[in-house]
Amino acid sequence: MNIGQFLMNSWWVILIVIAAVFALIKLVPRYKVAPPDTALIISGLMRRSYKVRMPDGNVASKKFGYRIVRGGATFYIPAIERIDQLDMCLMQVDIKTAQPVPTKEYISVLVDAVANIKIGSDDLSIATAAEQLLHYSPDQIKALAKDVLEGNMREIIGQMTIAELVQNRDKFAQESIKAAMADM
């Protein structure tokens, strides 16, 4: 059997192969992979429901014009959908009181601390961060967290004695986390 006869008898196989190659060429560039430390926020065509924290503190399910992909992959339509990346890496923030802060005993102290911050991995945390921090750089996020944590630290220092600050650091850490969770 020569090549001419093969092409005449198997034209449908050749057509399927050409269609498959064309489909691969078109689909592969539209396939985006999200590394484990990054969430992809794909906005546009598809709408998804996510749980979000409302201003009153309650959690509700809302429908949004974006979808979240973390540690996976997705196809997207370039002309209709937009992909943004949200960095979910651990960030370290140095917190220092610029001025002495009075304790419960009215003794002023200077405090230096370090906080590790991270966007949570659940849909609620990612959806909230996407709405509030999506186009912030890591330095801008650190500056925002530093301002919030410095204010919380000043408030907590004002409620503790010098002895509690020195001897019970776990209490100080727990109070800081509790105060920061509401603000962050």
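Counting through the fold element by element, Glu-105 comes out in the loop between strand S7 (101-102) and strand S8 (108-109). Spatially, the C-alpha atoms of Glu-105 and Lys-26 are 70 Å apart, while their sequence positions differ by 79 residues. Here Glu-105 is in contact with Thr-161 and Ile-162, once residues within four sequence places are set aside.

With that settled, consider the pattern of salt bridges. Under the definition given, this model contains four salt bridges. In this structure, Asp-123 engages Arg-70 in a salt bridge whose closest nitrogen and oxygen atoms are separated by 2.7 Å. Here Arg-70 lies in strand S3 (residues 59-70) and Asp-123 lies in helix H3 (residues 123-133), a separation of 53 residues in the sequence. Residue Asp-123 is classed as partly exposed on the basis of its relative accessible area of 29%. On the accessibility criterion, Arg-70 (37% relative accessible area) is partly exposed.

Before going further, it helps to spend a moment on the packing of aromatic side chains. A complete count under the given rule lists one aromatic pair for this structure. A ring pair is formed by Tyr-31 and Phe-75, whose centres lie 4.9 Å apart and whose planes are at 55 degrees; its orientation type is tilted. Of this pair, Tyr-31 sits in strand S1 (residues 31-33) while Phe-75 sits in strand S4 (residues 73-75); the two residues are 44 residues apart in sequence, bridging distant segments of the chain. Relative accessible area serves as the criterion here: at 41%, Tyr-31 is assigned to the partly exposed category. With a relative accessible area of 45%, Phe-75 lands in the partly exposed category.

Thresholds applied
Residues numbered from 1 in each chain as written. Predicted model: local features only at pLDDT ≥ 70, side-chain atom pairs only at ≥ 80, totals over all residues. Heavy atoms only, no water. Helix = DSSP H or I, 4+ residues; strand = E, 2+ residues; numbered from the N terminus. Contact = heavy atoms within 4.5 Å. Salt bridge = Lys/Arg side-chain N within 4 Å of Asp/Glu carboxyl O. Buried < 20%, exposed > 50% of the residue type's maximum accessible area, 1.4 Å probe, protein only. Phe/Tyr/Trp six-rings, centres within 6.5 Å; stacked < 30°, edge-to-face > 60°.

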